[in-house]
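The residues making up each chain are set out below.
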Amino acid sequence: MAYEKLTPPKTGQAITLNADHSLNVPDHPILPFIEGDGCGADIWRAAQPVFDAAVQKVFGGKKSITWFEIYAGEKALGVYGANAWLPQDTLQAIRDYKVAIKGPLATPVGGGIRSINVALRQELDLYACVRPVRWFDGVPSPVKAPQDLDVVIYRENTEDIYLGVEWQEGSQEAKDVIEYLNNGPCKKLGKTLRKDSGIGIKPISIMGSKRLARAAIVYALQNKLPSVTFVHKGNIMKFTEGAFSAWAYEMGKAEFGDRTITEAEVVEKHNGQAPAGKVVLKDRIADSMFQQVLLRPTEYSVIATTNLNGDYLSDACAAQVGGLGLAPGANIGDQAAIFEATHGTAPKYAGQNKINPGSVILSGCMMFRHMGWGEVANRIENALAEAISAKTVTYDLERQMSGATLVSCSGFGEAIIRHLA
Ligand code: NAP
């Protein structure tokens, strides 16, 4: 583990991987963290004491975390120099230590790197973006029954239009592609692209689709959840979105045929009642799914979808249960995982100790479950729920709740620590 500028902690050990990608977690794991830009320092200052206090409560000192700061975004520029938004050290440390947590990162303006977050996911092949969405009692929501939505969204993270294969209108590449499609071997398609078009490519692969759907089905099986829904826009984009759904079903049947059943089979062979113990595989068109989560939320538990659909759907679902300030997320691959606040850097609140740290704290809960420290996660989640029930909340919730006590970002962390059982 040789780094250009990082000095790993002298105490603690690295998490290691088994051949089946499961983790060996030592009693004193070293966990790299990226504080993040903007409000990142505020939420990290509130969150880390919550993590340490919960680990101490559960294990009484027998286990602990050694935090290891690594850099990305604006802080990395100060350490590594101009344009070093995502240093190789940072990628290497995440590869070496397997599990990391991060705050939000600003998208650099003016070329160089398109998005640090997207680069992290692609460089480390973190192919599943996992976003659980549930309501916490008392959180103001725009819908009548926010408690009915309790889903985990698996969003494919490494392909689709997000891959960044696109050319600006007027560029030679855009002209060449347009010429090829209009007048080359594809002419027989009979489609004419306008010459003043920008061009983007939407690749969806068998491998990418199947491994994402596999992760979603494994999650449903491990957590005894009733269904996995493949969300796609295959009625229009047949060979990308439609193929995603077809490959997901194909993999589900081939690899989990004894433990899954399709919705069509439930209707045709079981009178609409899924046999006990089987995970139902179903699919929905993406636009309809936005209605479904509002109108029939109880019919969904795990959702697996392509990159862009997942981006929209996960933020819409988060809004339904009360907003981004409390929405956790993770980017998980076979070799490493990064847990992250799902909101942005909220620059107007940076340094004010004001923003809601709930998103990064709940992302930490996902991280503890991933490490097999589920009891730590349960304690933090319960304490956070109690802090909200007691109406000790940050500005974003306070402004929508009557009779609430406004607390700062760090004050909310302290409230959670007080409620840790
Ligand atoms: P944003 O930072 O998420 O903030 C938009 C608004 O959402 C805030 O003004 C605030 O609303 C609310 N909000 C966000 N986080 C909150 C929290 N923890 N607690 C309470 N309210 C919260 O979105 P943005 O302004 O569009 O993006 C700013 C930068 O962040 C951009 O550079 C963007 O690229 C980047 N970004 C990074 C990530 C990531 O790293 N994962 C994700 C998204 C965006 P009110 O003003 O109403 O209080």
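Structure's up top.
Residues numbered from 1 in each chain as written. Predicted model: local features only at pLDDT ≥ 70, side-chain atom pairs only at ≥ 80, totals over all residues. Heavy atoms only, no water.

Chemist: Got a sec to walk through the layout of surface pockets? Specific residues and values, please.
Modeler: Here the largest pocket is characterised by a volume of approximately 1,400 Å³. V130, Y154, Y219, I332 and H370 are the residues nearest the centre of the largest pocket, which is lined by 50 residues in total. It is helix α6 (residues 206–222) that contributes the most residues to the lining of the largest pocket, six residues altogether. Here the lining of the largest pocket is built from residues that sort into 31 nonpolar, ten polar and nine charged. Size it by volume and the second largest pocket reaches roughly 340 Å³. What lines the second largest pocket is a set of 18 residues, and nearest its centre among them are N117, R121, D311, E340 and T342. Listing elements by their share of the lining of the second largest pocket, those giving two or more residues are α4 (116–123), α10 (307–320) and β15 (337–341). Among the elements that make up the lining of the second largest pocket, the one with the highest residue count is α4 (three residues). Considering only residue class, the lining of the second largest pocket consists of five nonpolar, six polar and seven charged. (1 Å grid on protein atoms, 1.4 Å probe; cavity = no way out; pocket = protein on both sides within 12 Å on 5 of 7 lines; lining within 4 Å. Points joined across faces, edges and corners; volume = space filled by probe spheres on them. Helix = DSSP H or I, 4+ residues; strand = E, 2+ residues; numbered from the N terminus. Nonpolar A, V, L, I, M, F, W, Y, C, P; charged D, E, K, R; others polar.)

Chemist: I'd like a description of the pairing of strand β4 (residues 66–69), backed by residues and values.
Modeler: Strand direction decides the pairing type here: strand β3 (residues 30–34) and β4, joined by four bridges, are parallel. What sits directly across from L31, in β4, is W67. A crossover links β3 with its parallel partner β4, the connecting element being helix α1 (residues 40–59), and its sense is right-handed. (Pairing = 2+ DSSP bridges. Right-handed = clockwise from strand over helix to strand, strands pointing away.)

Chemist: Tell me about helix α12 (residues 374–389), residues and numbers included.
Modeler: Given a rise of 1.5 Å per residue, 16 residues ought to cover 22 Å, and the 22 Å separating the end C-alpha atoms of α12 matches this to within 8%. Of all the positions in α12, only V376, A377, I380, E381, A383, L384, A387 and I388 are classed as buried. Within α12, the buried residues cover an arc of 165 degrees as seen down the axis, which keeps them to one side. Those residues of α12 that are buried are in contact with α1, α11 (358–370), β16 (392–393) and α14 (409–419). K391 lies just past α12 and shows a positive phi near 60 degrees. (Expected span 1.5 Å × (residues − 1). Buried < 20%, exposed > 50% of the residue type's maximum accessible area, 1.4 Å probe, protein only. Arc of directions from axis to C-beta. Contact = heavy atoms within 4.5 Å.)

Chemist: Got a sec to walk through unusual backbone geometry? Specific residues and values, please.
Modeler: Even without being a glycine, N271 presents a positive backbone phi close to 55 degrees. By secondary structure assignment, the location of N271 is in the loop between α8 (263–269) and β12 (279–285). Relative accessible area serves as the criterion here: at 77%, N271 is assigned to the exposed category. Here K391, not a glycine, exhibits a phi torsion of approximately 60 degrees, which is positive. The topology assignment puts K391 in the loop between α12 and β16.

Chemist: How would you explain empty space enclosed by the protein if you had to name every residue and give the values?
Modeler: Taken as a whole, this structure holds one cavity of 30 Å³ or more when the rule is applied. Reported here for the largest cavity is a volume of approximately 30 Å³. Looking at the largest cavity, the residues that line it are K102, N117, L120, R121, L126, N331, I338 and E340. Those elements giving two or more residues to the lining of the largest cavity turn out to be α4 and β15. No other element matches the three residues that α4 contributes to the lining of the largest cavity. Of the residues belonging to the lining of the largest cavity, the class tally is three nonpolar, two polar and three charged.

Chemist: Hey, could you go over the side chain of T260 for me, with residue numbers and the actual values?
Modeler: Here T260 is to be found in strand β11 (residues 260–262). Residue T260 is classed as buried on the basis of its relative accessible area of 7%. Separated by 2.9 Å, the side chain of T260 and the backbone oxygen of F256 make a polar contact. What T260 contacts, discounting residues up to four positions off in sequence, is I217, G252, K278, V279 and L281. (Polar contact = N/O pair within 3.5 Å; in protein donor to acceptor, adjacent residues only side chain to side chain.)

Chemist: If you had to explain the environment of F239 to someone new, which residues and values would you point to?
Modeler: Here F239 shows up in helix α7 (residues 238–256). Residue classification places F239 among the exposed residues on the basis of a relative accessible area of 75%. Taking the C-alpha atoms as reference, F239 lies 9.8 Å from S205; in sequence the two are 34 residues apart.

Chemist: Tell me about the site of the ligand, and name the residues and values.
Modeler: Residues in contact with the ligand amount to 22 residues; listed here are only the nearest, T107, N117, G344, A346 and Y395. Residue H343 places a side-chain N or O atom 3.2 Å away from a nitrogen atom belonging to the ligand. One of the side-chain nitrogen or oxygen atoms of K348 is found 2.8 Å away from an oxygen atom of the ligand. For the ligand, the protein covers 67% of the area, taking 880 Å² as the surface of the free molecule. For the shell around the ligand, the class distribution of residues is nine nonpolar, eight polar and five charged. (Near = heavy atom within 4 Å. Areas by Shrake-Rupley, 256 points an atom, 1.4 Å probe, with all protein chains shown as cover.)

Chemist: How would you explain the packing of aromatic side chains if you had to name every residue and give the values?
Modeler: Enumeration according to the criterion identifies 14 aromatic pairs in this entry. Ring geometry for F33 against W44: centres 4.5 Å apart, planes inclined by 10 degrees, an arrangement best described as stacked. You can see F33 sitting in strand β3 and its partner W44 sitting in helix α1, a full eleven residues away along the chain. With a relative accessible area of 7%, F33 lands in the buried category. Geometrically, the ring pair formed by F68 and Y97 is edge-to-face, given 5.6 Å between the ring centres and 80 degrees between the ring planes. (Phe/Tyr/Trp six-rings, centres within 6.5 Å; stacked < 30°, edge-to-face > 60°.)

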